[in-house]
Amino acid sequence: MKIERKEFIVVGAGPAGLSAAIEAARSGVSVTVFDENARPGGQLFKQIHKFFGSKEHMAKIRGFRIGEELLREAEEKGVEVVLNATVIGLYREKEIQVQIGTEVQHYKVDAILIATGASENMVNFRGWTLPGVIGAGAAQTMMNLYHVKPGNRILMLGSGNVGLVVSYQLMQAGCEVVALVDAAPRIGGYGVHASKVARCGVPFYLSHTIKEAEGTDCVRGVTIAQIDAKYQFIPGTEKHFDVDTICVAVGLSPMTQLLKMDGVEMADTRGGYIPACDETGATSIPGIFAAGDVAGIEEASSAMIEGRMSGEAVVAYLGYASTDEKALREKELEESLGALRQGMFAPKNRGKKLEKTDEGIELSEMLLEKGYIGDDEIKRFPGYRAEIKVHPVLECTQNIPCNPCQTACRKGCISIGDNITSLPISVKDSTCIDCGMCVASCSGQAIFLVSENPEKGTGEVTIPYEFLPLPKVGEKGYGLSRSGQRICDATVRRVRTSKTYDGTALVTIEVPIGYTDRARFYRKADEAQ
């Protein structure tokens, strides 16, 4: 078999792999990226939501747009991307085998980065093999890549960020999400993601799990039940739902098969069985690196930085950079990655039951247990203020690494400070000009513009809206509460769209004055529950 020489091979054209390839190519390294899929970009092109973080982390930009930018930059830097190419072997002395079509090619490589990502976990229950039981990632692929509805009536199992984000995207695709279920007693993902699902009327069932998927040839229904502290079903708590699809979002497992094949030292961690590697992704075998979810499950923003760190480490390993240059770049990237690993959802806090924010404010129990913050609870957070004139209300109540709202407001109405995990503050006595940029820029859709007209007895609430068709000015419907319940009549007064809003419409509804602090979503009269 003919053996070809390659300088640097990346396995996986996802966020980590492409970022590493770009970083190495900038320094003159010849890079080839292999990916088994027909499209590059990994998970990025499934992600139609806006990213968190700061400007350097590409915050408030949608995942598929980040994917497009990475591909453009990779092409500009001369990175070779080979698709439909499955790496089937990784061996000692950095040798690699790749199947492309019916041919198997053999390469001898100077440096290799494994960025194969992760696969979806599954949970067993009666009927779990029926057609219609699918992973949340599969549902995302069907919707966002192939524009196919996964089903009509769907139950989501899992309340981590994947379960929450995909639930919302299912509704955007026209599916009905009948419930969101999790065996854990608290919601595992960001509260802002849970809130935008809850205000659409989706109920959360915590400390519940699936007892049985019903049907013979496919899913026809599902029964859930409450579980006790030992994860045993509690008799008499069963609840039935008529559904045609069950989405499962119960975590991911790093795809480390190639690393184990090569004999890389592995570590058994809370995040899975992963390669033992340093902060640059260097493994126990010189010249073999790992980055992204294969080295530990995190967000795509973190994976991109990890990829750049590994790419820079490869540059130094191959002799394209001095030790000082490597150290300087590593420090810069470590600081950027460190910013994303702070706050309530930092790796150090996994598995902990937190009671207060970093500022010492008691967390909302309703948010953690039901998916929405209580009307009285919101008032203890710095993003809330009561005022007659138009002003922003920021319902971001957890320490999440994100600050686009601060940079979006040019009038100083919003303050976060230098620490991007600090809770946002709605600045007292500031002058809001009602531009709506903060509402559109919020990745969690947690900002609302509120004003009151005491003489008229009404108020206005501007909400982020990402469903089609858009409401029409003059249309009458209902204001929905944070829990998705119909609470008041509402009239649409303005609908704003703009290229700068990047797909988020701003819908302003007029409601009775007593509901401006409670109405957080709108539904047309003939669609209201």
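Look above for the structure.
Residues numbered from 1 in each chain as written. Predicted model: local features only at pLDDT ≥ 70, side-chain atom pairs only at ≥ 80, totals over all residues. Heavy atoms only, no water.

S.K.: Honestly, the overall build of the protein in this entry has me stumped. Any pointers?
M.R.: When helices and strands are counted, the protein shows 11 helices and 28 strands. By the compact-globule yardstick of 24 Å for 529 residues, the protein fits well, its C-alpha radius of gyration being 24 Å. For the protein, the spread of C-alpha atoms along the principal axes amounts to about 80 × 60 × 40 Å. In the protein, which comprises 529 residues, the share counted as buried stands at 56%. Sequence-distant contacts, at least 24 apart, represent 63% of the contacts inside the protein between residues at least 6 apart. In the form shown here, the protein has an accessible surface area of approximately 22,800 Å², with 49% of it arising from carbon and sulfur atoms. Each charge class in the protein can be summarised by its mean position, and for the 59 positive and 67 negative side chains these summaries are 5 Å apart. (Helix = DSSP H or I, 4+ residues; strand = E, 2+ residues; numbered from the N terminus. Rg over C-alpha atoms; globule rule 2.2 N^0.38 Å. Buried < 20%, exposed > 50% of the residue type's maximum accessible area, 1.4 Å probe, protein only. Contact = heavy atoms within 4.5 Å. Areas by Shrake-Rupley, 256 points an atom, 1.4 Å probe, with all protein chains shown as cover. Lys, Arg positive; Asp, Glu negative; His and termini not counted. Charge placed at Lys NZ, Arg CZ, Asp CG, Glu CD.)

S.K.: Just checking my understanding: could you explain the nonpolar core for this structure?
M.R.: For soluble globular proteins, nonpolar side chains are generally found buried alongside one another. Met156, Leu170, Met171, Phe204, Ile463 and Ile509 are the most contacted members of the largest nonpolar core, which has 50 residues in total. At 5 residues, helix H4 (residues 161-172) tops the list of elements feeding residues into this core. Leave out the neighbours within four places in its chain, and Ile463 touches Val439, Phe448, Ala505, Leu506, Val507, Arg520, Phe521 and Tyr522. If you look at the next biggest cluster of nonpolar residues, it comprises 32 residues, including Ala16, Ala25, Ile66 and Leu70. (Core = buried A, V, L, I, M, F, W, Y, C linked by side-chain atoms within 4.5 Å.)

S.K.: Just to check I follow, could you spell out the packing of aromatic side chains for this structure?
M.R.: In this description, a pair of aromatic rings is defined by centroid distance and the angle of the planes. By the definition in use, this model includes 9 aromatic pairs. Ring centres of Tyr205 and Phe241 lie 5.8 Å apart, and the angle between their planes is 65 degrees; this geometry places the pair in the edge-to-face category. With a gap of 36 residues between them, Tyr205 in strand S11 (residues 204-206) and Phe241 in strand S14 (residues 239-241) connect regions that are remote in the sequence. With a relative accessible area of 12%, Phe241 lands in the buried category. Taking 6.1 Å as the distance between ring centres and 75 degrees as the angle between the ring planes, the aromatic pair formed by Phe289 and Tyr317 counts as edge-to-face. With a gap of 28 residues between them, Phe289 in strand S19 (residues 288-290) and Tyr317 in helix H7 (residues 300-317) connect regions that are remote in the sequence. Judged by relative accessible area, which is 4%, Phe289 ranks as buried. Three or more aromatic residues joined by ring pairs form one cluster here, namely Tyr168, Tyr465, Phe467 and Phe521. (Phe/Tyr/Trp six-rings, centres within 6.5 Å; stacked < 30°, edge-to-face > 60°.)

S.K.: What's the story with the sheet that holds strand S24 (residues 458-465) in this structure? I'm lost.
M.R.: Sheet strands line up and pair through hydrogen bonds in the backbone, either parallel or antiparallel. Taken together, 7 strands build an open sheet; the order of strands is S20-S23-S24-S27-S26-S25-S28 and the sheet is antiparallel. Two strands in the sheet have a free side with no partner beyond their single neighbour: strand S20 (391-394) and strand S28 (521-524). Within this sheet the neighbouring strands show an average axis-to-axis angle of 40 degrees, counted without direction. (Pairing = 2+ DSSP bridges. Axes fitted to C-alpha atoms, helices over the stretch in contact; angles between N-to-C directions.)

S.K.: Got a minute to help me understand empty space enclosed by the protein in this structure?
M.R.: Using a probe with the size of a water molecule, rolled over the atoms, empty space left in the structure can be pinpointed. All chains considered together, the criterion is met by 3 cavities of 30 Å³ or more. Here the largest cavity is characterised by a volume of approximately 170 Å³. The wall of the largest cavity is formed by 19 residues, among which Cys396, Cys402, Cys405, Pro424 and Cys442 lie closest to the centre. Of the residues belonging to the lining of the largest cavity, the class tally is 13 nonpolar, 5 polar and 1 charged. (1 Å grid on protein atoms, 1.4 Å probe; cavity = no way out; pocket = protein on both sides within 12 Å on 5 of 7 lines; lining within 4 Å. Points joined across faces, edges and corners; volume = space filled by probe spheres on them. Nonpolar A, V, L, I, M, F, W, Y, C, P; charged D, E, K, R; others polar.)

S.K.: Got a minute to help me understand the packing of helix H1 (residues 15-26) against helix H2 (residues 63-76) in this structure?
M.R.: Describing two packed helices takes the angle between their axes plus the distance from one axis to the other. Interaxial distance between H1 and H2 falls to 9 Å at its minimum, and their mutual angle equals 30 degrees. By the criterion of interaxial angle, the relationship of H1 to H2 is roughly parallel. As H1 packs across H2, the resulting crossing turns out to be left-handed. On the side of H1, the interface is formed by Pro15, Leu18, Ser19, Ile22 and Arg26, while H2 contributes Leu70, Leu71, Glu73 and Ala74. (Parallel < 35°, antiparallel > 145°, perpendicular 65-115°, else oblique. Left-handed = near helix turned anticlockwise from the far one by under 90°.)

S.K.: In this structure, what is going on with helix H8 (residues 323-340)? I would like to understand it.
M.R.: In an α-helix, one turn spans 3.6 residues; hence positions three or four apart end up facing the same way. Here H8 is 18 residues long and its end C-alpha atoms lie 26 Å apart, about the 26 Å a rise of 1.5 Å per residue gives. Structurally, H8 contributes buried residues whose contacts are with H1 and H7. (Expected span 1.5 Å × (residues − 1).)

S.K.: Looking at this model, I keep getting lost on the layout of surface pockets. Mind explaining?
M.R.: By volume, the second largest pocket is sized at about 610 Å³. Lining of the second largest pocket is provided by 25 residues; of these, Met171, Tyr465, Phe467, Arg523 and Glu527 occupy positions nearest its centre. Within the residue set of the lining of the second largest pocket, elements represented by two or more residues are H4, strand S10 (176-182) and S28. Among the elements that line the lining of the second largest pocket, the one with the most residues is S28, at 4 residues.

S.K.: Can you walk me through the sheet that holds strand S9 (residues 153-157) in this structure?
M.R.: The strand order across the open sheet formed by 5 strands is S8-S15-S9-S10-S11, and the pairing between neighbours is parallel. Each of the sheet's edge strands pairs with one partner strand only, and the pair in question is strand S8 (133-135) and S11. Sheet twist, expressed as the mean angle between neighbouring strand axes with direction ignored, is 20 degrees. Here 5 bridges tie S9 to S10, and the two strands are oriented parallel to one another.

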